[in-house]
Amino acid sequence: MICLAYTFVVNGQNNSLTKTDFYGNWTLDLNEYELEDDDYIFRRPKEFKNPKEEINITISLLDFNECNVNYDTYIYCGAGQSKDYSWTFNQNLGIINIYHSEKWLKSFKEYDSEEFEKLNLPDKYDEMELSIVTMENGSIGLKIINWE
């Protein structure tokens, strides 16, 4: 019965969150994970960063659906780079999608929508899908459920 009550509380919290609750920086500290671990979770950055933390990814969720991802790691292509994306929040599902939409795709769709449809091109390219989770300490985390 306690587990059932806990599930309702956690799901209720996720449904009451709004997009503005996620504005700001979220960090995935890869030093905390082993390669076989499947639950990679972005958290709000720590107040004092450990000088040994060299492997992390930071997502900045901004207003107007703008998003910046900083790959501050040597493991991934584009290491040490920031990349600009867009993001959406599905409040009902508790899901955040991070994606990039090429300008030429948008221009092409506006210029020749019939040809765009014939080619079956996407409006956007998904980069990452995150699920909202409640951590043991009661804070919110963003768990990676799909990473292109």
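Above this text you will find the structure in question.
Residue positions are given per chain, counted from 1 along the sequence in the order it is written. Residues qualify for local features only when their pLDDT is at least 70, as the model is predicted, and side-chain atom pairs are given and counted only at 80 or more; totals for whole chains, interfaces and linings, by contrast, use all residues. Excluded from the side-chain calculations are hydrogens and water; all other atoms, namely the structure's heavy atoms, are used.

Any chance you could explain the pattern of salt bridges here in plain terms?
Two side chains with opposite charge may pair up if their charged atoms get near one another. Salt bridge, as applied in this entry: a Lys or Arg side-chain nitrogen positioned within 4 Å of an Asp or Glu carboxyl oxygen. Inspection of every chain in the model, using the stated rule, returns one salt bridge. The closest approach of N and O atoms between K143 and D39, which form a salt bridge, is 3.2 Å. Taken together, the residues K143 in strand β8 (residues 140-147) and D39 in the loop between β1 (24-29) and β2 (41-42) connect sequence positions 104 residues apart. The classification of residues rests on relative accessible area computed with a 1.4 Å probe and restricted to protein chains. Under 20% of the type maximum is buried, over 50% is exposed, and intermediate values are partly exposed. Of the residues examined, K143 reaches a relative accessible area of 24% and is grouped as partly exposed. Numbering of helices and strands runs from the N terminus; a helix is a DSSP stretch of H or I covering at least four residues, while a strand is a stretch of E covering at least two.

Would you mind showing me how to read the packing of aromatic side chains here?
Paired rings are identified among Phe, Tyr and Trp, the last through its six-membered ring, by centres lying within 6.5 Å, and are further divided according to the angle between planes into stacked (under 30 degrees), edge-to-face (over 60) and tilted (the rest). Taken as a whole and assessed by the stated rule, the structure comprises four aromatic pairs. Ring geometry for F108 against F116: centres 6.0 Å apart, planes inclined by 65°, an arrangement best described as edge-to-face. Ring pairs connect the aromatic residues F22, W26 and F89, which therefore count as one cluster. Comment: the charge-over-ring label is applied if NZ (Lys) or CZ (Arg) is within 6 Å of the ring centre and within 35 degrees of the ring normal. Over the aromatic face of W87 sits the side chain of K19, whose NZ or CZ is 5.0 Å from the ring centroid.

Hey, could you run me through the pairing of β8 in this one?
Side chains on a regular strand alternate between the two faces of the sheet. Following DSSP output, two strands are said to pair if at least two bridges run between them. One ladder, built from two bridges, connects β2 with β8; its direction is antiparallel. The residue of β8 that forms the bridge with F42 is L142. Of the pairings in the sheet, the one linking strand β7 (residues 125-134) to β8 comprises seven bridges and is antiparallel in character. For L130, the partnering residue across the bridge sits in β8 and is I144. Taking the residues between adjacent antiparallel strands as the criterion, β7 and β8 are bridged by five residues, where G138 takes a positive phi near 90°.

Honestly, that's just the spatial picture; any functional story needs more than this.
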